[in-house]
Amino acid sequence: MTLEQTVLEARNLTKTFVTRSPMGRTVAETKAVDQVSLSLTAGRTYALVGESGSGKSTTGRLLQGLITPTAGEVIVSAADGSKLTQNTKRSNRDVQMIFQDPYSSLNPRRRIRSILEESLRIIGEKDPTTLRSKVDEALSAVGFSDEHAQRYPHEFSGGQRQRIGIARALVASPRIIICDEPVSALDVSIQAQILNLLRSLQADLGLAYLFITHDMSVVRYLAHRVGVMHQGKIVEEADTAELFANPQHDYTKRLLASVPIHHPSQRTTAKG
Amino acid sequence: MTDTMTVGSLNRLNKTYSRRSMFLRRFGAHKLAMTGGIVLAIVVAVAILGPVFAGDPLTLNPSQRLAPPSLDHPFGTDNYGRDTFARAVAGARVSLLVGAVTALITSVLGAIVGLFAAYNRIADTILMRISDGLMAFPAILLAIAIMAAMGQQTSNVIIALSIVFTPYVARIVRSAALVAKEQTYVEALRSQGASLFRILWINIFPNVLSPLIVQATFVFADSIITEAALSFLGAGVPPPAPSWGNMLLDGKTLIYSAWWMTVFPGAFIMSTILAVNLLGDGLRDLLDPTFNRRK
Amino acid sequence: MTKLLDVIDLRTSFDTEHGTVTAVDGVSFSVAQGEVVGIVGESGCGKSVTAESILQLLDPSSTRYSGQMNFDGEDLLTFGEEAMRRIRGNRIAMIFQDPMSALNPVFTIGDQLTEAVLAHRKIGKRSARSAAVDLLDKTGIPEPERRMRQYPHQLSGGQRQRVMIAMALSCDPELLIADEPTTALDVTTQAQILRLLIELKDEFNAGILFITHDLGVVAEICDRVVVMYLGEVVESTDVHTLFDNPAHPYTRGLMASTPDVGSDPSADLPIIPGSVPTLHNVPSGCRFADRCPFALPECRERTVELEVLSPDHTSRCIRSQELIGNSPVKDGMAR
């Protein structure tokens, strides 16, 4: 896997949500994503930061192909180097997603093995031996054994479920993973486990991550490049160290100023 | 790291029981559901074994007309001298058959309609307006109208009742599926490119099964009552075939002279419906994962 | 400072299908007037149950309390339901994590706030309404008059939380219990709400019990901190001592595993291995021993009591004395 290879490119993505009255008349139009361009590189993490409603999650869903853009395009470079847009019915296996809520993101009525096999069946894998070996491989990559595969989701803790969610994305051998706030619902002591896991998987498999988050400390630790979203637009984009050292846009500055402090001596809000 | 994880989950493992044995344990502890289940099992056993010990429900015996309960005829005889016990047992067969087959048909149709309605807005509008239309009629009137159009036959009773009750099942399935559909795992499946069939039937369906089973037991009870009412009004199972409704109709004019003709089939209807409803209420409690977590 | 609330050896247990669990197990702490006390810990540590126990908000049929909760000299646990109702939302107010579900969606903000004011003050409807506008104004909501006529869904998350704070303040409480009030909010809004709480605390001279999982929030607003793990207090001290000299391995682990500006981006984050056990499987001996990089064999053999390290610093660890004074990041937590 050559590093620095662009695996996904978004050009001028725009998504407008239209609210209609019961009679079908357009009541309101909201531009959730406005002319967003970004590119993801193999082995690198691009963090998309912003507050709720800034359009960062919608951008993630546009890149994944869960929703279609009003304008603009998403180009995924396939493993053989050919470029695919949504129009050419690209294979979903290249781009997988990890979700925020580890509880509702696993089907409560299915065993772990069958949840993971489902990812492979969707992309047309039927051979039972291949299914078994690929699921085992993905489970061991996130630190689980065959014994865990026979259990139901409710038998696992939040952090363990999140690792199962990662295995579900990995099992399809993707090249890009869209991580939508993957640690913000987890306990502090578990977050570090998941972040370390994501980083070691990236190093081993050369994955490109789009990391959607509102947590600037996580960004600082994990991301190579950062895009700051505000009201549907990317207002600033820079390499991580550069962004933290030298924020340009007012909103970025405000965001950095609001990051929780790490010692009471840094207090600005109250008397000491 | 992995070692401690495994220890943690093994501890958890020892604490959890398999779903099935857990369900049976809780079912045994739920007194009402247990009572309902036992009574229903007795009625079913009587219906199945009826021909072995009860006489023929159609044999006329004019010399024994309107005989009160005795050792020969424990429930007495009717105005044609037919054995009321044999007729009540045979009637159980008809009622349970109508109830069970209707519950089965409405469950299948209701699941299909409900799931598609939950997933497709246009299908939802069309299917739910049709079901609104059907639900606007009182169940019994609609059933009478359908019977009048199709003719008096036991199979038509089942068809009529299925048409009447499918909308109720479909609504329950639809609302359960709408909840399931909003879960992130459905979004995960969509993001991986899963087909509609795969999402609906392989992934959402298991999550609507519990409310579907509960609703099916209520349809079972309702169809037994409605069948009895239809037969009582002369629009159900055609005489001389025994059915609890027919027996009530026969006994109506003689209620003061031959009480046994009405009381026994009435008691059968009441205990069966009560049993099924207790079972249904119990299942609703037991299949609801949020119920009983804290006693 | 006078002790406003003094909780001594509080134990809260629930009857569940799998037996009795003790969610809060012998917790003691106090809150003084004008003081912000933080209870920090992960899910399942009992911090929220502690908060709900103070107001006795848990299902009475399955919950048992023991210990003492002295509020202004009287033990709240000896109060009946009627007496507690007079305390709740009157002398002790509570704000929650999710302001949307705590507001009634079918009434306007004005209706609900006026109602809250009327419940606590003997004044007419008109003056109650203007008092409500004043309260909203105090919480820094722009255009309070207009907000009064709006419904909860028309407000942003931060504005709803301000409304909740206004509602809590309507009774002029002596103690405010805030259960993760900023967890659902964006960082920029979180900073504003924390600032608001501090300002209002000074103005009303109330005590605040602040429940959170976020050490950053603790560093920002708390005066004293109680760290909880699996139903027990593991460390308790003032905020500066906690951050300068954390004595319990769990506190140290929490601090080290939170990425911050000082984390080396090329190295793995230090982690606390494993996950929090359930309350059904509370380990014997030290409850943290299975996840602790400093655990000795004897940690698992006997119950560890809170050790007093200095007059205002307690820690539930036999090795506290060795740990104190070393940087948590260098603890060599397992990978």
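Rules used throughout
- The written sequence of each chain sets the order in which its residues are numbered from 1.
- To label them, take the chains in the order written and letter them from A, then take the ligands in the order written and number them from 1.
- The predicted origin of the model limits local features to residues at a pLDDT of at least 70 and limits the giving and counting of side-chain atom pairs to 80 or more, whereas totals for whole chains, interfaces and linings rest on all residues.
- The side-chain quantities take in all heavy atoms of the structure and omit both hydrogens and water.
- A run of H or I in DSSP counts as a helix once it spans at least four residues, and a run of E counts as a strand once it spans at least two, with each numbered from the N terminus.
- Based on C-alpha atoms, the radius of gyration is set beside the globule rule, defined as 2.2 Å times the residue count to the power 0.38.
- In what follows, residue pairs with any heavy atoms lying within 4.5 Å of each other are defined as contacts.
- Under this rule, positive means Lys or Arg and negative means Asp or Glu; His and the chain ends count for nothing.
- Just so you know, the charge point we use is NZ for Lys, CZ for Arg, CG for Asp and CD for Glu.
- Exposure categories follow from relative accessible area, calculated using a 1.4 Å probe and restricted to protein chains: below 20% of the type maximum is buried, above 50% is exposed, and the middle band is partly exposed.
- Each accessible area is a Shrake-Rupley result for a 1.4 Å probe, and residues are judged covered by the shown protein chains and nothing else.
- Defined here as a combined quantity, buried area equals the accessible surface (1.4 Å probe) lost by two parts on assembly, summed across both.
- Counted as salt bridges are all cases of a side-chain nitrogen of Lys or Arg within 4 Å of a carboxyl oxygen of Asp or Glu.
- Any pair of nitrogen or oxygen atoms within 3.5 Å is treated as a polar contact; in protein, a donor-acceptor pairing is required on top of that, and neighbouring residues in sequence qualify only through side-chain atoms on both sides.
- Lys, Arg, Asp and Glu make up the charged group, whereas Ala, Val, Leu, Ile, Met, Phe, Trp, Tyr, Cys and Pro make up the nonpolar group; the residues left over, Gly among them, are polar.
- As a rule, the C-alpha atoms of each element are fitted with a line to give its axis, helices using only the stretch in contact, and angles between N-to-C directions run from 0 to 180 degrees.
- These descriptions rest on fixed angle ranges, namely under 35 degrees for roughly parallel, over 145 for roughly antiparallel, 65 to 115 for roughly perpendicular, and the rest for oblique.
- Left-handed describes a crossing whose near helix is turned anticlockwise from the far helix by less than a right angle; the clockwise case is right-handed.
- Expected span of a helix: the number of residues minus one, times 1.5 Å.
- When two rings of Phe, Tyr or Trp (its six-membered ring) have centres within 6.5 Å they constitute a pair, described as stacked for plane angles under 30 degrees, edge-to-face for angles over 60, and tilted for the intermediate range.
- Here, over-ring charges are defined by two tests on the NZ atom of lysine or the CZ atom of arginine: distance to the ring centre within 6 Å, and angle to the ring normal within 35 degrees.
- Residue types Ala, Val, Leu, Ile, Met, Phe, Trp, Tyr and Cys, when buried and joined through side-chain atoms within 4.5 Å, form a set referred to as a nonpolar core.
- Here, a strand pair is defined by DSSP locating no fewer than two bridges between the strands.
- The patches described consist of residues with a relative accessible area above 30% and no salt bridge, like charges being joined within 9 Å and nonpolar side chains (Val, Leu, Ile, Met, Phe, Trp, Tyr) within 5 Å.
- The predictor attaches a confidence to each residue, called pLDDT, with possible values from 0 through 100.
- Put simply, a disulfide is two cysteine sulfurs that come within 2.5 Å.

1. Re the overall build of chain A
And step 1. Helix and strand counts for chain A come out as nine helices and ten strands.
And step 2. For 272 residues, the compact-globule estimate of 2.2 N^0.38 gives 19 Å, and chain A sits close to it at 20 Å.
And step 3. When its C-alpha atoms are laid out on the principal axes, chain A stretches across 60 × 55 × 45 Å.
And step 4. At a minimum sequence separation of 6, the contacts of chain A that also span at least 24 residues come to 67%.
And step 5. Put simply, chain A has 33 plus and 28 minus side-chain charges, and the middle of one group is 4 Å from the middle of the other.

2. Some remarks on the overall build of chain B
And step 1. Summing up its helical and strand segments, chain B has eleven helices and zero strands in all.
And step 2. Going from the N terminus to the C terminus, chain B shows its helices and strands as α-α-α-α-α-α-α-α-α-α-α.
And step 3. Here chain B holds 295 residues, and 46% of them are scored as buried.
And step 4. Of the contacts made within chain B by residues no fewer than 6 positions apart, 71% connect residues no fewer than 24 positions apart.
And step 5. Accessible surface for chain B amounts to roughly 14300 Å². Of this, 68% is attributable to carbon and sulfur atoms.

3. Some details on the interface of chain C and chain A
And step 1. Of the residues lining the interface, 45 residues belong to chain C; the matching set on chain A comes to 33 residues.
And step 2. Where chain C abuts chain A, roughly 3400 Å² becomes buried across the two surfaces, and 54% of that area is made up of carbon and sulfur atoms.
And step 3. There are zero salt bridges connecting chain C and chain A.
And step 4. Counting across the interface, chain C meets chain A through ten residue pairs in polar contact (both at pLDDT 80 or more).
And step 5. Of all the secondary structure elements, the ones that give two or more residues to the side of chain C that touches chain A are α8 (187–204), α9 (215–221), α10 (239–244) and α11 (249–257) of chain C.
And step 6. In terms of residues, the side of chain C that touches chain A owes the most to one element, α8 of chain C, which gives eight residues.
And step 7. Among the residues forming the side of chain C that touches chain A, the class breakdown is 19 nonpolar, twelve polar and 14 charged.

4. Notes on the pattern of salt bridges
Residue and element names in this part refer to chain A.
And step 1. Tallied over the entire structure, the rule returns 46 salt bridges over all chains.
And step 2. Among the salt bridges present, the one from Asp146 reaches Arg132, with a minimum N-O distance of 3.9 Å. With Asp146 in helix α4 (residues 146–149) and Arg132 in helix α3 (residues 128–141), the pair connects residues that are 14 residues apart, well separated along the chain.
And step 3. A relative accessible area of 39% places Asp146 in the partly exposed class.
And step 4. Taking relative accessible area as the criterion, Arg132 reaches 40% and is therefore assigned partly exposed.

5. Observations concerning the environment of Leu255 of chain A
And step 1. Among the secondary structure elements, Leu255 of chain A is positioned in helix α9 (residues 250–258).
And step 2. The spacing of Leu255 of chain A and Ser173 of chain A is 82 residues in sequence and 35 Å in space, taken between C-alpha atoms.
And step 3. Leaving out residues up to four positions away in the same chain, Leu255 of chain A has contacts with Val49, Met216 and Val228 of chain A together with Val187 and Thr188 of chain C.

6. Some words on the packing of helix α4 (residues 84–119) of chain B against helix α7 (residues 154–181) of chain B
Axis angle and axis distance: for two packed helices, these are the angle between their axes and the distance between the axes, and together they describe the pair.
Residues and elements named next belong to chain B.
And step 1. Between α4 and α7, the least distance of the axes is 5 Å, while the angle of their chain directions is 40°. Considering the angle they form, α4 stands oblique to α7. Where α4 crosses over α7, the two elements pack in a sense that is right-handed.
And step 2. Among the residues forming the contact of α4 with α7, the class breakdown is 19 nonpolar, eight polar and two charged.

7. Observations regarding helix α4 (residues 109–120) of chain C
Structural remark: α-helix, 3.6 residues per turn; residues separated by three or four positions point the same way.
And step 1. Its twelve residues place the ends of α4 of chain C 17 Å apart at the C-alpha level, agreeing with the 16 Å of an ideal helix rising 1.5 Å per residue.
And step 2. Residues of α4 of chain C that are buried: Ile109, Gly110, Gln112, Leu113, Thr114, Ala116 and Val117 of chain C.

8. Description of the packing of aromatic side chains
And step 1. Applying the stated criterion across every chain, the model contains nine aromatic pairs over all chains.
And step 2. Aromatic side chains Trp259 of chain B and Trp260 of chain B sit 5.6 Å apart centroid to centroid with 80° between the ring planes, which places their arrangement in the edge-to-face category.
And step 3. Judged by relative accessible area, Trp259 of chain B falls into the partly exposed class, the value being 41%.
And step 4. Overall, Trp260 of chain B belongs to the buried group, its relative accessible area being 6%.
And step 5. Chaining the aromatic ring pairs together yields one cluster made of Trp259, Trp260 and Phe264 of chain B.
And step 6. When the ring centre of Phe244 of chain A is taken as origin, the NZ or CZ atom of Arg220 of chain A, which lies over that ring, is 4.9 Å away.
And step 7. The ring centre of Tyr119 of chain B lies 5.2 Å from the NZ or CZ of Lys181 of chain B, which sits over that ring.

9. Points about the nonpolar core
And step 1. Ranked by internal contacts, the top residues of the largest apolar core, which has 71 residues, are Leu115, Val157, Ile199, Ile204, Val208, Phe220 and Trp244 of chain B.
And step 2. Residue assignment for this core shows that the elements contributing at least two residues are α3 (31–53), α4, α6 (139–150), α7, α8 (184–191), α9 (196–232), α10 (244–252) and α11 (260–287) of chain B.
And step 3. Among the nonpolar cores identified, the runner-up in size contains 67 residues, and Val36, Ile141, Phe204 and Val217 of chain C belong to it.

10. What to know about the pairing of strand β10 (residues 233–239) of chain A
And step 1. Bridge count between strand β9 (residues 225–230) of chain A and β10 of chain A: six bridges; the pairing is antiparallel. Directly across from Met229 of chain A, in β10 of chain A, lies its bridge partner Ile234 of chain A.

11. Some remarks on the pairing of strand β1 (residues 6–20) of chain A
All names here are of chain A.
And step 1. Pairing of β1 with strand β2 (residues 26–41), which is carried by eleven bridges, proceeds in the antiparallel orientation. In the strand pairing of β2, Arg20 is matched with Thr26.
And step 2. Of the strand pairs in this sheet, β1 and strand β4 (residues 71–77) are connected by five bridges, and their pairing is antiparallel. In the strand pairing of β4, Thr14 is matched with Ala71.

12. What about the sheet that holds strand β2 (residues 19–32) of chain C?
All names here are of chain C.
And step 1. The four strands are arranged β2-β1-β4-β5 in an open sheet whose pairing can be described as antiparallel. Two strands in the sheet have a free side with no partner beyond their single neighbour: β2 and β5 (74–75).
And step 2. Both strand β1 (residues 3–16) and β2 contribute to a ladder of eleven bridges, which runs antiparallel. Bridge pairing links Thr16 to Gly19 in β2.
And step 3. The sheet strands contacting helix α1 (residues 47–54) are β1, β2 and β4 (63–71), and the helix crosses β1 at an angle near 110°.

13. What to know about unusual backbone geometry
Residue and element names in this part refer to chain C.
And step 1. Non-glycine residue Glu180 carries a positive phi angle of around 45°.
And step 2. Looking at the element boundaries, Glu180 is found in the loop between β7 (175–179) and α8.
And step 3. Classification of Glu180 by relative accessible area gives buried; the value is 7%.
And step 4. Notably, Asn205 is not glycine yet its phi reads approximately 55°, a positive angle.
And step 5. The residue Asn205 is located in the loop between α8 and β8 (207–212) in this model.

14. Re a nonpolar patch on the surface
And step 1. Among the surface-exposed residues, Val44, Ile48, Leu49, Val52 and Phe53 of chain B lie close enough to one another that they form a single nonpolar patch of about 500 Å² accessible area.
And step 2. Looking at the secondary structure, you find Val52 of chain B in helix α3.

15. Some remarks on the confidence of the model for chain B
All names here are of chain B.
And step 1. Here chain B averages 82 in pLDDT, and 90% of its residues register 70 or above.
And step 2. Note on residues 1–17: pLDDT under 50 across the span, and 31 contacts to partners over four residues away in sequence or across chains.
And step 3. This prediction of the complex comes with two scores: 0.82 for pTM and 0.83 for ipTM.

16. Re the environment of Thr6 of chain A
Residue and element names in this part refer to chain A.
And step 1. Here Thr6 is to be found in strand β1.
And step 2. Residue Thr6 is classed as partly exposed on the basis of its relative accessible area, which comes to 34%.
And step 3. Once residues within four sequence positions are removed from consideration, Thr6 is found in contact with Ser39, Leu40, Thr41 and Ser77.

17. What to know about the sheet that holds β10 of chain A
Residue and element names in this part refer to chain A.
And step 1. Taken in spatial order, the six strands make up an open sheet running β6-β7-β8-β3-β9-β10, and their pairing is mixed. Where the open sheet ends on each side, the last strands, each with one partner, are β6 (95–98) and β10. For this sheet, the mean inter-axis angle between neighbouring strands, taken without regard to orientation, is 20°.
And step 2. Strands β3 (45–49), β6, β7 (176–180), β8 (208–213) and β9 of the sheet are contacted by helix α1 (residues 56–64), whose axis makes an angle of about 155° with β8.
And step 3. Across the face of the sheet, helix α5 (residues 158–170) comes into contact with β6 and β7 while running at roughly 175° to β6.

18. Looking at the state of the cysteines
Residue and element names in this part refer to chain C.
And step 1. If you walk through the whole model with that rule in mind, you get zero disulfides over all chains.
And step 2. Of the cysteine sulfurs around Cys222, a residue in no disulfide, the closest is that of Cys45, at 14 Å.
And step 3. Take Cys222: its relative accessible area is 0%, and that puts it in the buried class.
And step 4. Cys317 forms no disulfide, and the closest cysteine sulfur to it belongs to Cys292, at a distance of 6.0 Å.

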